Amino acid sequence: MRDGEFKPELTRRGFIAAGGALAAYASHGGAKAADTENQPAEADPFLGTRGLPLEVGSPCLQAPGETTMGVSWAVSGLSKGVVEYADNPDMRDAKTVKSGGFGLVPIDVNALQVRLTGLKPATKYWYRTVTTPFTDYSNIYDAKLGEPVVSGVHSFTTLGEGAKAHFCAINDTHANWKPFQMVVRKVNELAPAAVVWNGDATNTTQDKRTAVEIFLNPPVEDRDWSADIPVFFESGNHDFRGSWISKKEEVVLPRDPSERRGDQWDLKWNFAQRLGEMALVGLDTGEDKPDAHPKWFGLANFEPYRKAQARWLEEQFARPEIASAKYKVVFCHIPLFADPESADYPHDGVKIDPHDYAYWSRECAELWGPILEKAGVKLVVCGHRHRFRFDPPAPGRCWAQVVGGGPELGFNRGKPDAGKFPTVVEGLVEGGKLRLIVHDVFNNRVVLDKSL
């Protein structure tokens, strides 16, 4: 997305640093600096809820796997949390899992996270969250707990070869809540086995509360949309923007560390998982400008990141369970192909072009394209351009490419544009074929229904 192209419906998120002063702001995550003339500092939220009621969001399923499942949820004050899960809806003989790993259990004032491990592939489980506030934590030896808040019972099914081969992909939601509601309502209606959130969930993220709202507690009617449908996440270019966003794993669980070697540790959200007859593979195209671009102030290091993903990708396609999948589907935010005759073609992200950002990534195409070809990938699902497009396979490119729409509702820069609408990209295996359906959720129509 071009800088300034889209103005999202965002409020309450201003972040101002003026006059050379540092404004300490953590919006539940730390004390606000005092205005020495007019008002006192806010109380440190890490000292406890201090009589305020605890608000707990619906659980969100993240980073799904064959034997693992992540659960994250929003809280309004200092809390600890656990997940109880069982193989039956009555929660008989439920197991309890604490947040974090070994050692000290994490507590937080914004969000809690639990990763369930040791699960069975393609198996249904039921679960609930239990959240307990610290009403007073001013002294670690004399902390006080409030009453636990227990969620309703939800369910999920783990991934694997025996799971249902059915996914939905959403992209470029940009914290714009009217189209987001349309998107998640369609996801709930279709009830896929998993959702891929294919980048640009955010805009510019300066604080943790913004990320919590976007990923865990969106202000929409169907805010519990991911309580029973697990979500893969792949970053878009906007998901790297803002002074806080490098810490997004505090809100969006990365993949289970057991999936990574040490030299692949930074590939936190890349995934390669079986879902029935399909293998779903997630790649991160990174930012849409060269690393040396002056707007990055030396902070960008995406070029080696893409090369590392190429090495990882070859290894994933060599795994027997991935190699044997009848249909291999790849997800990444920025498209990997533009027709040489199209207006998109010159803007490939290699050079600093007049439009200052990549419409498609030639670098990723050159690094990953031969690997996709060798593996016999059938479909690449992308976003970024805020306009639906389908590119059929062509000589030298065995895979089709589908590009999802953005959050604009029939307008482009204030002018009517019927080609601007949000989409849900659906893929499922029916009758031994991969069926691709693209839903225009603004006009309530199907714009593509094709077997690959």
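Notes on the structure follow. Everything numeric here is computed off the predicted structure, so don't read it as measured data.

### Concerning the pairing of strand E11 (residues 194–198)
Right, so step 1: The buried fraction of E11 amounts to five of the five residues, a majority that puts the element mostly inside the structure.
Right, so step 2: What you see with E11 is no split at all: Ala-194, Val-196 and Asn-198 on one side and Val-195 and Trp-197 on the other are buried throughout.
Right, so step 3: As judged from the four bridges shared by E11 and strand E12 (residues 231–234), these two strands associate in the parallel manner. Its bridge partner being in E12, Val-195 is matched across the sheet by Val-231.
Right, so step 4: On the question of chirality, the crossover connecting E11 to the parallel E12 by way of helix H2 (residues 208–215) is right-handed.

### As for the pattern of salt bridges
Right, so step 1: This structure, assessed with the given rule, holds 28 salt bridges.
Right, so step 2: In this structure, Arg-261 engages Glu-315 in a salt bridge whose closest nitrogen and oxygen atoms are separated by 2.7 Å. Residue Arg-261 is found in the loop between E12 and strand E13 (271–275), and its partner Glu-315 is found in helix H3 (residues 302–318); the two are separated by 54 residues along the sequence.
Right, so step 3: Using a relative accessible area of 40% as the deciding quantity, one classes Arg-261 as partly exposed.
Right, so step 4: Put simply, Asp-348 and Arg-362 hold a salt bridge, and the shortest N to O gap is 2.6 Å. Taken as a pair, Asp-348 in the loop between strand E15 (327–331) and helix H5 (362–375) and Arg-362 in helix H5 lie far apart in primary sequence, 14 residues in all.
Right, so step 5: Residue classification places Asp-348 among the buried positions, given a relative accessible area of 9%.
Right, so step 6: Residue classification places Arg-362 among the partly exposed positions, given a relative accessible area of 21%.
Right, so step 7: Salt bridges sharing partners connect three or more residues here, namely Arg-241, Glu-287, Asp-288 and Lys-289.

### Things to note about the sheet that holds strand E16 (residues 379–382)
Right, so step 1: Spatially, E13-E14-E15-E16-E18-E17 is the arrangement adopted by the six strands of the open sheet, whose pairing is mixed. Edge positions in the open sheet fall to E13 and strand E17 (389–391), since each of these has one partner strand only. Taking the axes of each pair of neighbouring strands and ignoring which way they run, one obtains an average angle of 15° across the sheet.
Right, so step 2: Pairing of E13 with strand E14 (residues 278–282) involves five bridges; the strand directions are antiparallel. Along E14, the bridge assignment pairs Gln-273 with Leu-280.
Right, so step 3: H3 contacts E13, E14 and E15 of the sheet and is inclined by roughly 165° relative to E14.

### Some points on the environment of Gln-62
Right, so step 1: Within the element layout of this structure, Gln-62 appears in strand E1 (residues 60–62).
Right, so step 2: Along the chain, Gln-62 and Val-195 lie 133 residues apart, while their C-alpha atoms are 9.6 Å from each other.
Right, so step 3: Ignoring anything within four residues of it in the chain, the contact list for Gln-62 reads Met-69, Gly-70, Ser-72, Gln-113, Leu-216, Val-231, Val-251, Val-252 and Leu-253.

### Overview of the packing of aromatic side chains
Right, so step 1: Counted under the stated rule, the structure contains 19 aromatic pairs.
Right, so step 2: With 4.8 Å between their ring centres and 85° between their planes, Phe-134 and Tyr-137 make a pair best called edge-to-face.
Right, so step 3: By relative accessible area, Phe-134 is classed as buried at 11%.
Right, so step 4: For Tyr-137, a relative accessible area of 25% gives the class partly exposed.
Right, so step 5: When the centroid spacing of 6.4 Å and the interplanar angle of 90° are considered together, the rings of Trp-197 and Phe-233 count as edge-to-face. On the criterion of sequence distance, the pair formed by Trp-197 in strand E11 and Phe-233 in strand E12 is long-range, its members being 36 residues apart.
Right, so step 6: Given the relative accessible area of 5%, Phe-233 is considered buried.
Right, so step 7: Taken together through their ring pairs, the aromatic side chains of Trp-177, Phe-180, Trp-197, Phe-215, Trp-225 and Phe-233 make up a single cluster.

### Considering H5
Given 3.6 residues per turn, any residue in an α-helix points the same way as the ones three and four places further on.
Right, so step 1: Relative to the 20 Å expected for 14 residues at 1.5 Å per residue, H5 spans 19 Å between its end C-alpha atoms, a close match to the ideal helical length.
Right, so step 2: When the local axis directions of H5 are compared, the greatest deviation, roughly 45°, occurs at Trp-368, which is followed within four positions by the proline Pro-370.
Right, so step 3: Residues of H5 that are buried include every one of Cys-364, Ala-365, Trp-368, Gly-369, Ile-371, Leu-372 and Ala-375, and no others.
Right, so step 4: For H5, the secondary structure elements touched by its buried residues are H3, E15 and E16.

Rules and cut-offs
Residues numbered from 1 in each chain as written. Predicted model: local features only at pLDDT ≥ 70, side-chain atom pairs only at ≥ 80, totals over all residues. Heavy atoms only, no water. Buried < 20%, exposed > 50% of the residue type's maximum accessible area, 1.4 Å probe, protein only. Helix = DSSP H or I, 4+ residues; strand = E, 2+ residues; numbered from the N terminus. Pairing = 2+ DSSP bridges. Right-handed = clockwise from strand over helix to strand, strands pointing away. Salt bridge = Lys/Arg side-chain N within 4 Å of Asp/Glu carboxyl O. Axes fitted to C-alpha atoms, helices over the stretch in contact; angles between N-to-C directions. Contact = heavy atoms within 4.5 Å. Phe/Tyr/Trp six-rings, centres within 6.5 Å; stacked < 30°, edge-to-face > 60°. Expected span 1.5 Å × (residues − 1). Bend = angle between axes of the 7 residues up to and from the residue.

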